[in-house]
Amino acid sequence: MKIFISAHELSPIQGSECRSAWNILTRLSHYHDLTIFCAETNQFKTSNYKTHINDHIGSFREGTKVVFIEQPFLTNLISKINKFFFGSRSNIGNNILYFTGVRFWEKSVYKYIKKNFPKKEFPDLFHHFNHISFREPGYCWKLDIPFVWGPVSGMVTPPKKFINSLNFNLRQKVIFRNFLNFIQANFDSRVNNAAKLSKHIFCVGIDDYKFFKNLNRNISFMSDMGTNKIERSFDEIKKQNNRKLVVSLIGRLDELKAPHIALECFKSSKKIRENALIRVIGDGPLLEDLKKKYSVFLGTSVEWFGKISYEKVKLNLLETDILIHTSIKEAGSAVVLEALEHCVPVLCHDAFGMAYTVNERCGIKVKMESNKDSIEGFKEAIEFLIDNESALNNLKLGASKRSEELSWDNMTKEISEIYNKSIFL
C-alpha cells in the first residue's frame, strides 16, 4: 500500500517519540510504500533530525521517501519566546506554547500535501503517528482518504486524593491541565472531527480509551514504546536462593513519580527490610530530601545511584528481581518496557498505559486510589514475592513472554494489519 505518515519527531539517536517513530517506521517501510513527513529540527533547534535521518537512511527500505518540513515562521517565533522564558525546563518548555508551535507545523504538512500532490497521487491511507498527544491531531484527516491516528495519549487524570496530596504549585498545574483536557476534549473541533473520521485509533492508556470510545468504535490499545529481543535463560533470570530480593526504582524523582510510595513500603515493613534491597536510580528535585528522610532508617536496605548512563541502567536490570513503578501520572513508560525486555516483572499502579502493558503474567498492579492505599498495596505485593519465590520466577518468565508480545516487530505487524482493514471500512 501507498502510505503517507506524519511524524514530527523522528530520529535514530533521540529518545521518547523520536525513538518510537524510528523503530516503527523503519520496520513499516518493509511492508508498505511510505512517504514520511517529519520536522527538520526540534523547535529549539537543539537537535537536527534531518542530519540524524540522512546519516542512517539505509535503515529504511530503498524507495522510502522522507520529506523534511521546516518549522514555519510562526512556530519559530513562538519557540523563541518559549525558549527565552521556559527553555530551562526541558526541550519543550511551556506545553501550551510548544503545542501551539506544533499546530502550525502540522498545518504546513497539510498545505504541502495539497500543493505538491494532485488528488490522483494521494496515498491509500494517511497515518498521523506523532505527536502522541490527543491535543494535536494535525489537519490531514481533512484529506479525502482513510485516516489512522496514534498511538495517542494525554487524557491521564490522577485521582483527586493524589492531586490533593501534591504541593500547592504542582496541584494547581495538574488542576489547570485537567481543565484544559476537559475544554479540548469537549470543545476542540479538530480533536473531535479527527477522532470521528479516523478509520482506527491506537490508544496508549485506559483514560484515552474511555474518551475515544465515545467518538469511535474502531479503537485498540497500543503502547507508545516497544521492546527489543534479549535472550536470557531461566537460570539467568530466576532468583537465587539466600539472596536478597533486588527491587529497582528507576526514573526522575519528582512528586508525580511518587518515589516515596516505594520507600515507605520498606520503612513500614521489617520483613521487606530484612529480605529485600531497593536501588533508587535517577535524579530530580526530591533526591536530597528522600536521602535525608530514608537513608538512616533504611540503612543497607537502600542504595542511591543518582543519575547513571543508559548502559548502566540496563546492567542494573540484569541484576534486578522487580521493577517498582509508582508513578501517579504519565502515558506509557519506557522503563516498564525496558524492564520487561530484561525479564524483570513490574509492580505498578493499575492505570494509564501500564493498565495495558502489564498483565497478571508479568507483574502485579495496585489500584490507584490514595497514597495510603498504594503504600499498602505495593507493600503486600513485595511481601508476597518474598514469601513465594516460585511465583516470582513465574512472573519473570511471563515478563519475557510479554516482552515478545510488545516487541517493535509485533507492533509494526499490528499497524500494517490495521492499514489493510482500514481501507475497506
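Above this text you will find the structure in question.
Read on for an overview of the structure. The shown structure was predicted, so the numbers you read here are calculated from the model rather than taken from an experiment. (Residues numbered from 1 in each chain as written. Predicted model: local features only at pLDDT ≥ 70, side-chain atom pairs only at ≥ 80, totals over all residues. Heavy atoms only, no water.)

Observations regarding the layout of surface pockets
Stage number 1. There is about 260 Å³ of room inside the second largest pocket.
Stage number 2. For the second largest pocket, the lining is made up of 16 residues, of which Asn228, Lys229, Ile230, Ser403 and Glu404 are closest to its centre.
Stage number 3. Secondary-structure elements contributing two or more residues to the lining of the second largest pocket are helix 14 (334-341), helix 17 (389-405) and helix 18 (408-422).
Stage number 4. Counting residues per element, the lining of the second largest pocket draws most heavily on helix 17, which supplies three residues.
Stage number 5. Residue composition of the lining of the second largest pocket, by class: four nonpolar, five polar and seven charged. (1 Å grid on protein atoms, 1.4 Å probe; cavity = no way out; pocket = protein on both sides within 12 Å on 5 of 7 lines; lining within 4 Å. Points joined across faces, edges and corners; volume = space filled by probe spheres on them. Helix = DSSP H or I, 4+ residues; strand = E, 2+ residues; numbered from the N terminus. Nonpolar A, V, L, I, M, F, W, Y, C, P; charged D, E, K, R; others polar.)

Overview of empty space enclosed by the protein
Stage number 1. Within this structure, the stated rule accounts for two cavities of 30 Å³ or more.
Stage number 2. Space inside the largest cavity adds up to approximately 40 Å³.
Stage number 3. Around the largest cavity, the lining residues are Glu17, Ser20, Phe129, Asn130, Ile132, Pro151 and Asp224.
Stage number 4. Among the secondary structure elements, those contributing two or more residues to the lining of the largest cavity are helix 1 (16-28) and strand 4 (125-130).
Stage number 5. Classifying every residue of the lining of the largest cavity gives three nonpolar, two polar and two charged.
Stage number 6. Roughly 30 Å³ of internal volume is contained in the second largest cavity.
Stage number 7. If you go around the second largest cavity, the residues you meet are Arg19, Met225, Gly226, Ala334, Leu337, Glu338 and Glu341.
Stage number 8. Counting residues per element, the lining of the second largest cavity draws most heavily on helix 14, which supplies four residues.
Stage number 9. Partitioned by chemical class, the residues of the lining of the second largest cavity number three nonpolar, one polar and three charged.

Describing the nonpolar core
Stage number 1. Among the nonpolar cores identified, the biggest contains 120 residues, and Leu25, Ile53, Ile113, Phe212 and Ile382 are the most heavily contacted of them.
Stage number 2. Non-local contacts of Phe212, meaning those with residues more than four positions away in its chain, are made with Phe134, Trp149, Val152, Ala195, Ile201, Cys203 and Ile219. (Core = buried A, V, L, I, M, F, W, Y, C linked by side-chain atoms within 4.5 Å. Buried < 20%, exposed > 50% of the residue type's maximum accessible area, 1.4 Å probe, protein only. Contact = heavy atoms within 4.5 Å.)

Here we look at the pattern of salt bridges
Stage number 1. Taken as a whole and assessed by the stated rule, the structure comprises 19 salt bridges.
Stage number 2. With a shortest N-O distance of 3.0 Å, Arg361 and Glu405 are connected by a salt bridge. Of this pair, Arg361 sits in the loop between helix 15 (354-357) and strand 13 (363-366) while Glu405 sits in helix 17, placing them 44 residues apart in sequence.
Stage number 3. With relative accessibility at 34%, the residue Arg361 sits in the partly exposed group.
Stage number 4. Look at Glu405 and you get partly exposed, because its relative accessible area is 37%.
Stage number 5. Salt-bridge contacts for Glu405 lead to Arg402; the nearest nitrogen and oxygen are separated by 2.8 Å. Of this pair, Glu405 and Arg402 both sit in helix 17, three residues apart, which is roughly one turn of that helix. (Salt bridge = Lys/Arg side-chain N within 4 Å of Asp/Glu carboxyl O.)

Examining the side chain of Asn130
Stage number 1. The topology assignment puts Asn130 in strand 4.
Stage number 2. Those residues in contact with Asn130 that lie beyond four places of it in its chain are Ser6, Ala7, His8, Glu9, Glu17, Ala21 and Glu106.

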